[in-house]
Amino acid sequence: HATKDIPIMMDTALDDPASRVRAFNAGAEGFLTKPVDLAELCVGVRSLVRLNYVDGTVDTHDLANGSSKMSGATKAESRHLVQLYESDEFLCETVARFLSADLAQGPQTVAVAVATPAHRDMICQHLEASGYDTAHGRRTGSLALYDAREMLSTFMVGDTPDAKRFRLKIGALFDEIAARGATRVCAFGEMVDLLCKDDNVRAAIRLEQLWNELAKE
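Below: a short report on this structure. Sequence positions are assigned chain by chain, starting from 1 and proceeding in written order. Whole-chain, interface and lining totals are the exception, using all residues; otherwise, since this is a predicted model, local features are given only for residues with pLDDT of at least 70 and side-chain atom pairs are given and counted only at 80 or more. To get the side-chain values, all heavy atoms of the structure are used, and hydrogens and water are removed first.

**Observations concerning helix H4 (residues 117–129)**
Which entries qualify depends on this criterion: Numbered from the N terminus, helices here are DSSP runs of H or I no shorter than four residues, and strands are runs of E no shorter than two. Each residue after the first adds 1.5 Å to the expected span of a helix. The classification of residues rests on relative accessible area computed with a 1.4 Å probe and restricted to protein chains. Under 20% of the type maximum is buried, over 50% is exposed, and intermediate values are partly exposed.
Relative to the 18 Å expected for 13 residues at 1.5 Å per residue, H4 spans 18 Å between its end C-alpha atoms, a close match to the ideal helical length. Looking only at H4, the buried set comprises His 119, Arg 120, Met 122, Ile 123, Cys 124 and Leu 127. Within two residues after H4, Gly 131 carries a phi angle of roughly 105°, on the positive side.

Shown next as structure tokens:
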């Protein structure tokens with residue numbers, strides 16, 4: 001279960017259509033034929049890790065005991081999804097649908113979006129179209145919006161995410177949400193996506209690892 005959300009890139013000397021079909025049926029998300037071109041590999045990896053989750057990901061956590069410390073809360077449910085996309089419109093509509101579904105769970109649910117300004121605006125537009133009052137949500141704290149680039153700057157050291165700073169910043173964010181009485185958090189983030197667009201794939205993978213580690217605590 002620990003590796004079930006990790007994308008698989010198949011690297012093989014086989015290049016016939018039947019081998020490709022078998023690879024994808026077995027669960028591979030990418031397929032490269034040897035000898036592998038480095039540029040093609042980087043593009044393939046970038047496409048697999050684009051959008052995560054809280055970071056290019058959507059994460060949902062149940063904070064069952066309402067503790068102000070996320071690390072001390074029992075998470076009755078935790079799911080981490082990665083959404084690949086080809087257009088901003090599709091991305092924002094999909095994210096809004098995820099957030100809207102969780103917000104419908106009740107007043108103790110908080111939706112978090114760590115995104116670019118353009119994407120935050122589009123997500124809010126889709127939420128409004130679904131009947132959700134984003135202005136009211138932001139006033140009451142049930143909808144929290146953050147700038148992805150600014151959030152990245154709080155825990156990056158050079159070109160690498162710093163684990164300690166990440167835990168202090170992101171952990172404090174969830175602690176604050178739990179302290180307000182939230183028992184469920186649904187979060188979207190695209191900081192990993194920004195790192196991929198910066199051609200910093202190593203940092204993107206590391207950030208994804210930090211998110212996964214935080215989700216397990």
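**Observations concerning the environment of Gln 125**
Tracing the backbone shows Gln 125 in helix H4. In this structure the C-alpha to C-alpha distance between Gln 125 and Cys 92, which are 33 residues apart in sequence, comes to 9.0 Å.

**Here's the deal with unusual backbone geometry**
In this model, Asp 199 sits at a positive phi of 60°, which is unusual for a non-glycine residue. Considering the arrangement of structural elements, one finds Asp 199 in the loop between helix H8 (191–197) and helix H9 (201–216). When its relative accessible area of 54% is taken as the criterion, Asp 199 is described as exposed.

**Here we look at the pattern of salt bridges**
Side chains carrying opposite charge are able to pair once their charged atoms draw close together. This is how the line gets drawn: Think of a salt bridge as a Lys or Arg side-chain nitrogen and an Asp or Glu carboxyl oxygen that are within 4 Å of each other.
Going through the model one piece at a time under the given rule, you end up with seven salt bridges. Linking Asp 147 and Arg 120 is a salt bridge whose minimum nitrogen-to-oxygen distance equals 3.4 Å. Here Asp 147 is found in strand S6 (residues 143–147), whereas its partner Arg 120 is found in helix H4, with 27 residues between them in sequence. Side by side, Asp 147 and Arg 120 carry an identical accessibility label, which is buried. Among the ionic pairs, Glu 213 bridges to Arg 206, the shortest N-O distance being 3.7 Å. Each of Arg 167, Arg 206 and Glu 213 takes part in salt bridges that share partners, so that together they form one network.

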